Amino acid sequence: MVDTIPQTRLDPRYSDARATATDWSEAEARLAEAELFWISTVRPDGRPHVTPLPAVWSAGALHFCTGPEERKAKNLAANAQVALTTGSNTWDKGYDLVVEGEAVRVTDEDRLRELAAAWEAKYGSFWHFEVRDGAFQHGSGAAFVFSVAPRTVFGFGKGEPFSQTRWRFT
């Protein structure tokens with residue numbers, strides 16, 4: 001879990017003169033409500049890998065899951081640094097967020113049950129998971145669950161006024 005009050009800074013280089021820094025509580029609400037995120041990991045040979053996935057904001061961190069044989073799980077085994085992005089695909093309206101941090105595998109089964117309930121509450125019964133052997137179980141496969149406590153988050157306000165807010169966690 002991260003500090004709940006990050007250092008907040010509006011970057012004037014990328015913000016309109018009348019822009020103000022976005023409050024962390026607003027960014028946190030956007031992270032909780034977002035349905036789709038894009039995760040960026042690094043392959044063992046250094047090439048980037050980007051893929052969409054659902055994620056759940058809980059206890060000050062983003063959580064996602066992936067099969068142990070999927071490319072992102074293999075990448076995380078070698079380099080746990082990730083970026084997760086969400087927002088809209090328009091240039092002049094909406095708000096984009098980029099969360100940077102380290103993906104840490106969650107294996108505590110009580111915590112996994114809490115997260116499984118959060119997934120189903122957010123995404124519906126299709127995303128129902130059982131918990132067994134330190135992982136989510138869905139159908140015949142297992143999914144590892146990872147938690148990303150933000151180290152740095154960037155927020156990009158699009159439209160009038162354009163803005164860039166950075167939150168740093170200690």
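Data block above holds the structure.
This section reports on the structure supplied with the text.

What counts and how
- Residues numbered from 1 in each chain as written.
- Predicted model: local features only at pLDDT ≥ 70, side-chain atom pairs only at ≥ 80, totals over all residues.
- Heavy atoms only, no water.
- Helix = DSSP H or I, 4+ residues; strand = E, 2+ residues; numbered from the N terminus.
- Rg over C-alpha atoms; globule rule 2.2 N^0.38 Å.
- Contact = heavy atoms within 4.5 Å.
- Areas by Shrake-Rupley, 256 points an atom, 1.4 Å probe, with all protein chains shown as cover.
- Lys, Arg positive; Asp, Glu negative; His and termini not counted.
- Charge placed at Lys NZ, Arg CZ, Asp CG, Glu CD.
- Salt bridge = Lys/Arg side-chain N within 4 Å of Asp/Glu carboxyl O.
- Buried < 20%, exposed > 50% of the residue type's maximum accessible area, 1.4 Å probe, protein only.
- Expected span 1.5 Å × (residues − 1).
- Arc of directions from axis to C-beta.
- Polar contact = N/O pair within 3.5 Å; in protein donor to acceptor, adjacent residues only side chain to side chain.

**Some thoughts on the overall build of the protein**
Piece 1. A count of helices and strands for the protein gives 3 helices and 11 strands.
Piece 2. Traced from its N-terminal end to its C-terminal end, the protein shows the element sequence β-α-β-β-β-β-α-β-β-α-β-β-β-β.
Piece 3. Computed over its C-alpha atoms, the radius of gyration of the protein comes to 17 Å, within 12% of the 15 Å expected for a compact globule of 170 residues.
Piece 4. Dimensions of the protein, computed from C-alpha atoms along their principal axes, come out at roughly 55 × 40 × 30 Å.
Piece 5. A separation threshold of at least 6 residues defines the contact pool for the protein, and within that pool the share at least 24 residues apart is 63%.
Piece 6. As presented, the protein carries roughly 9100 Å² of accessible surface, and 51% of it is formed by carbon and sulfur atoms.
Piece 7. Of the charged side chains in the protein, 19 are positive and 23 negative, and the gap between their average positions amounts to 6 Å.

**Focus: the pattern of salt bridges**
Piece 1. Summed over the entire model, instances satisfying the criterion amount to 10 salt bridges.
Piece 2. Close ionic contact of Lys74 with Glu69 constitutes a salt bridge, the shortest N to O distance being 3.9 Å.
Piece 3. Residue class for Lys74 comes out partly exposed when judged on its relative accessible area of 37%.
Piece 4. According to the relative accessible area criterion, Glu69 is exposed, its value standing at 61%.

**Brief notes about helix α3 (residues 109-123)**
Piece 1. With 15 residues, α3 extends 20 Å from end C-alpha to end C-alpha; this agrees with the ideal 21 Å at 1.5 Å per step.
Piece 2. Restricting attention to buried positions, one finds in α3 the residues Leu112, Leu115, Ala116, Trp119 and Tyr123. Viewed along the axis of α3, the buried residues span an arc of 105°, placing them on a single side of the element.
Piece 3. Buried positions along α3 lie against β4 (56-58), β5 (61-66), β7 (94-106), β8 (130-132), β9 (135-138) and β10 (141-158).
Piece 4. You can read the cap of α3 off the contacts: a side-chain oxygen lies 3.3 Å from the backbone nitrogen of Asp110, and it is on Asp108.

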